[in-house]
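Each chain, written out:
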Amino acid sequence: MSRFVTEPQLSARSGARLARIDRSWLWALQLYVGYRVLLSIWGAWVSLAYPKLPEERSIGLWPVGAGGLGAWLQRLLIAPTVRYDVNWYMRIAERGYGEPGSTAFHPLFPLLMAALGRVLAANYALAGWLIAQVCCVVMLMLLYRLVLLDHDEGTAQRATLFLLGSPLGFSFLIPYTESLLLMCVVGAIYAARRGRWLLAGLAGAGAALTKQPGAAVALPLLWELWQQHGASVRAWRWRVLVRPLAGVALVPLGLAAFLLYRATLGDLGVSLANPFSVIDTLLVTPSYRDTWGEYFSWPWENLLLAIEQIRTKPYFFLIFNTQIMAIAVVLTCYTILRARRSYAIYSAVLLIMNLSIVYPLWPYMGIIRRFTIIFPLFIQLAVWARSRRVALLIVCANALLWVYISEAYMRLAFVP
């Protein structure tokens, strides 16, 4: 049989590849638009009932365009989502890292906000919102393509649906770091699996510069490198490894750049007497610890704090977070056992990290959002949900939590 590919065969393959690319973009856009419209309508109602910002109080939703079309659109789409960490990113984008505790927020997202915000006449809220929307669509497209490397299109569609429709999936649609972070993480792993190591390293460095868990992507990249080039390592063919190793090295270099900047501010806090301080420095800055009391410790310390508070002075969101955390831990552990090895490594590292960040006053605060970036969990859910009944059950359960948590977030009752 001839080893040469004929022109019709080449055209057919190119056409199939283009059709698959188009479907990934089309599905990502459809999914994004659907949830974007839902969040806008829901947010408008919630902000009408619980206005928090001056523009929410002063600009009505009717008539359309009240106060000017631009101001009305910002009040409708953006103002209801400007809560909690969004204010930190806006202040960093505008004034830099001068505020105590601000260095806990990695620089890539506020840097992008600052650059775009200056183009938009210092409208940093709009800048952050636009960045999140673009990154959300690209993230969904990349996850779709990544899933297609191992599964069919139905699984790719369900995985992206379960991710964006998850209890904290709305965080991908607001000016938070999650869409940028997961876009970089998924992009890095997808590029590595396609053998594009410099692109993988750049995306991984972007993840490390976006949020603390982003640096964890270096470990699955190393595993993928071993899977592709293990024979070269054993045969000492190091020239083959120069490009892949250079790509992976960009991830810790990206994190090191921010650590070096923090060191110039005197906000590093490494102590040779405390072995936890090295890991603690990567996750929690001294100024943030002084401001909020957060620190890094053994996973069971957080659990014991939560149990003690539930026993002595329980409150609803502590019990709620703890229950969701327990479910997420079980699902993640199962995913670790079943997923591709590089995905399992990523999931295991983030699982330990999520359970080891301690807030003494509010145990497990933000825990649901931290589990949302464990993307292999949603791939596993998509594999389970081949049955239409199971898929419908997951979508309905997620929808109830999505609606409830997004409403609580917008009325400043819940820190996601």
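Residues numbered from 1 in each chain as written. Predicted model: local features only at pLDDT ≥ 70, side-chain atom pairs only at ≥ 80, totals over all residues. Heavy atoms only, no water.

Asker: How should I be thinking about the packing of aromatic side chains in this particular structure?
Answerer: The geometry of an aromatic ring pair comes down to the distance between the two centres and the angle between the two planes. Inspection of every chain in the model, using the stated rule, returns 24 aromatic pairs. Ring centres of Tyr-97 and Phe-258 lie 5.9 Å apart, and the angle between their planes is 50 degrees; this geometry places the pair in the tilted category. With Tyr-97 in the loop between α4 (85-95) and α5 (108-119) and Phe-258 in helix α11 (residues 242-264), this residue pair connects regions lying 161 residues apart in the sequence. Across the pair, exposure class does not vary: Tyr-97 and Phe-258 are buried alike. Measuring from centroid to centroid gives 5.2 Å for Trp-298 and Trp-300, while their planes differ by 5 degrees, and the two rings are stacked. By way of ring pairs, the aromatic residues Tyr-35, Tyr-84, Trp-88, Tyr-89, Phe-105, Phe-109, Phe-170, Tyr-176, Trp-402 and Tyr-409 are connected into one cluster. The ring of Trp-88 is capped by Arg-91, whose NZ or CZ atom sits 4.9 Å from the centre of that ring. Positioned above the aromatic ring of Tyr-50 is the side chain of Arg-411, whose terminal nitrogen or guanidinium carbon lies 5.8 Å from the ring centre. (Phe/Tyr/Trp six-rings, centres within 6.5 Å; stacked < 30°, edge-to-face > 60°. Helix = DSSP H or I, 4+ residues; strand = E, 2+ residues; numbered from the N terminus. Buried < 20%, exposed > 50% of the residue type's maximum accessible area, 1.4 Å probe, protein only. Lys NZ or Arg CZ within 6 Å of the ring centre and 35° of its normal.)

Asker: Explain the environment of Ile-174 here, please?
Answerer: Tracing the backbone shows Ile-174 in the loop between α7 (153-164) and α8 (178-193). Judged by its relative accessible area of 1%, Ile-174 is buried. A C-alpha to C-alpha distance of 28 Å links Ile-174 and Leu-250, two positions 76 residues apart in sequence. Not counting the four nearest positions on each side in its chain, Ile-174 is found in contact with Leu-39, Thr-81, Ala-132, Gln-133 and Tyr-409. (Contact = heavy atoms within 4.5 Å.)

Asker: For this particular structure, what's the right way to read the pattern of salt bridges?
Answerer: Pairs can form between side chains of opposite charge whenever their charged atoms are close. Counting across every chain of the model gives 11 salt bridges. For the salt bridge of Arg-369 with Glu-178, the shortest nitrogen-to-oxygen distance reads 3.3 Å. Highlighted residues: Arg-369 in helix α17 (residues 367-372) and Glu-178 in helix α8, separated in sequence by 191 residues. Side by side, Arg-369 and Glu-178 carry an identical accessibility label, which is buried. The salt bridge partner of Glu-224 is Arg-340, with a shortest N-O separation of 2.8 Å. Residue Glu-224 is found in helix α10 (residues 218-234), and its partner Arg-340 is found in the loop between α15 (316-338) and α16 (341-356); the two are separated by 116 residues along the sequence. Residue class for Glu-224 comes out buried when judged on its relative accessible area of 1%. Its relative accessible area of 31% is what places Arg-340 among the partly exposed residues. Each of Asp-85, Glu-178, Lys-211 and Arg-369 takes part in salt bridges that share partners, so that together they form one network. (Salt bridge = Lys/Arg side-chain N within 4 Å of Asp/Glu carboxyl O.)

Asker: What am I meant to see in the environment of Phe-378 here?
Answerer: Its place among the elements puts Phe-378 in helix α18 (residues 375-384). On the basis of relative accessible area, Phe-378 is assigned to the buried category, the value being 7%. Taking the C-alpha atoms as reference, Phe-378 lies 34 Å from Asn-123; in sequence the two are 255 residues apart.

Asker: When you look at α8 in this model, what are you seeing that I'm missing?
Answerer: Spacing of three or four residues puts side chains on the same side of an α-helix, whose turn is 3.6 residues. With 16 residues, α8 extends 22 Å from end C-alpha to end C-alpha; this agrees with the ideal 22 Å at 1.5 Å per step. With 16 of 16 residues buried, α8 lies mostly within the body of the structure. One or two positions beyond α8, positive phi appears at Gly-195, with a value near 80 degrees. (Expected span 1.5 Å × (residues − 1).)

Asker: Looking at this structure, I do not really get the layout of surface pockets. What am I missing?
Answerer: Summary: where empty space remains is shown by rolling a probe the size of a single water molecule over the atoms. If you add up the space inside the largest pocket, you get close to 610 Å³. Along the wall of the largest pocket there are 28 residues; nearest its centre are Asp-85, Tyr-288, Tyr-359, Met-365 and Arg-369. Of all elements in the fold, only α4, α13 (286-292), α16 and α17 reach the threshold of two or more residues within the lining of the largest pocket. In terms of residue count, the dominant contributor to the lining of the largest pocket is α4 (three residues). Here the residues of the lining of the largest pocket sort into 17 nonpolar, five polar and six charged. (1 Å grid on protein atoms, 1.4 Å probe; cavity = no way out; pocket = protein on both sides within 12 Å on 5 of 7 lines; lining within 4 Å. Points joined across faces, edges and corners; volume = space filled by probe spheres on them. Nonpolar A, V, L, I, M, F, W, Y, C, P; charged D, E, K, R; others polar.)

Asker: Got a minute to help me understand the packing of helix α3 (residues 69-78) against helix α6 (residues 124-148) in this structure?
Answerer: Geometrically, a packed helix pair is captured by the angle between its two axes and the distance between the axes. For the pair α3 and α6, the least separation of the axes is 11 Å and the interaxial angle reads 55 degrees. Classified by the angle their axes make, α3 and α6 are oblique. Our pair here, α3 against α6, has a crossing hand that is left-handed. The segment α3 lies against α6, with Gln-74, Leu-77 and Ile-78 engaging Ala-125, Leu-126 and Trp-129. (Axes fitted to C-alpha atoms, helices over the stretch in contact; angles between N-to-C directions. Parallel < 35°, antiparallel > 145°, perpendicular 65-115°, else oblique. Left-handed = near helix turned anticlockwise from the far one by under 90°.)

Asker: Even after reading the chapter, I still don't get a nonpolar patch on the surface, so can you show me in this structure?
Answerer: There is a patch of nonpolar side chains on the surface, built from Trp-298, Trp-300, Leu-303, Leu-304 and Ile-307 and spanning about 550 Å² of accessible area. Checked against the element boundaries, Leu-303 lands in helix α14 (residues 299-312). Given a relative accessible area of 36%, Leu-303 falls into the partly exposed group. (Patch = residues over 30% accessible without salt bridge, like charges linked within 9 Å, V, L, I, M, F, W, Y side chains within 5 Å. Areas by Shrake-Rupley, 256 points an atom, 1.4 Å probe, with all protein chains shown as cover.)

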